[in-house]
Amino acid sequence: MSGKRRPAKAMFSLSPVQFRNSAIAGRGVFARQRFEPGEVIVAYAPKQRRVPERSDEAVAAAESKITLLSGNEVIIPDTSVPGGWLCNHSCDPNAALYASGEGRIQCTRPIAPGEEVTIFYGWVSHNEPGRDPCRCGSPKCRGTINFDLTDEDAEHVQVLDDGRVVADAVLGPRLAEYGAYLRSIGQEQVEQAIANTLMRIKSRPKGSIVCAY
Ligand SMILES: [Zn+2]
């Protein structure tokens, strides 16, 4: 069991988090104590199974949106046991999901007792702009959880011989604005998913690419 840290008084107190109904959606994860940036809040899935990334089971489970890619395997939480997989999305999250090992939710901004623990899902969709309305309630809320790219968007990008994806003056500003937002919340890795999605729409193989604009 790696990286699990608990305060010294933990043995006398209850769990550091509580799983209960959330104003954002369904059940959420709530802090019962203060957390500081870098602290592990809760395991992603205390009970879990691992299946190979490309197995039918992994693909089917991904549809339910509660899987986690860890190396070449997909972690499927046993949903009879609550865990970090219950964390809601926020456009201004106070925690992040890390996939290494068993998967964990780690604090990125100070969290007060009673506050909901939220993460950034980083979903990139294709031709489904309003798919996932967001109710995070943050002043920074972007309205939807997913960042959508349409077939038309893909017409405004060019794939260079070296695999870089370059957007033109029509799509470029939107990608640049979202890129700046992602960096402001420490989620710049989502740019890779954006580039991969654009490559997929253009029926080009995935590669090691960057979004340049
Ligand atoms: Zn939001």
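A. Structural detail: unusual backbone geometry. In this structure, Asn127 takes a positive phi of about 60° despite not being glycine. With respect to the helices and strands, the residue Asn127 is situated in the loop between strand 11 (124-126) and strand 12 (147-149). The exposure class of Asn127 is exposed, given the 12 C-beta atoms found within 10 Å.

B. Region of the structure containing the sheet that holds strand 8 (residues 95-98). The sheet built from three strands is open, its strands ordered 3-9-8 with antiparallel pairing. Of all strands in the sheet, those bounded by a partner on one side alone are strand 3 (40-43) and strand 8. In this sheet, neighbouring strand axes are inclined to one another by 25° on average, regardless of whether the strands run parallel or antiparallel. The sheet contact formed by strand 3 and strand 9 (residues 104-107) spans three bridges and is antiparallel. Each residue of the ladder has a partner; that of Ala43, found in strand 9, is Arg104.

C. Structural detail: helix 3 (residues 172-184). Counted at 1.5 Å a residue, the expected span for helix 3 with its 13 residues is 18 Å, and the 18 Å between its end C-alpha atoms agrees. At the C-terminal side of helix 3, Gly186 shows a positive phi close to 70°.

D. Highlighting the sheet that holds strand 10 (residues 116-119). The strand order across the open sheet built from four strands is 1-2-10-7, with neighbouring strands paired in mixed fashion. Since the sheet does not close on itself, it has two edges, and those belong to strand 1 (17-21) and strand 7 (88-89), each with one partner. Of the pairings in the sheet, the one linking strand 7 to strand 10 comprises two bridges and is parallel in character. Pairing of Asn88 across the sheet is with Thr118, part of strand 10.

How each quantity is defined
- Residues numbered from 1 in each chain as written.
- Predicted model: local features only at pLDDT ≥ 70, side-chain atom pairs only at ≥ 80, totals over all residues.
- Helix = DSSP H or I, 4+ residues; strand = E, 2+ residues; numbered from the N terminus.
- Buried ≥ 20, exposed ≤ 12 C-beta atoms within 10 Å, placed from the backbone.
- Pairing = 2+ DSSP bridges.
- Axes fitted to C-alpha atoms, helices over the stretch in contact; angles between N-to-C directions.
- Expected span 1.5 Å × (residues − 1).

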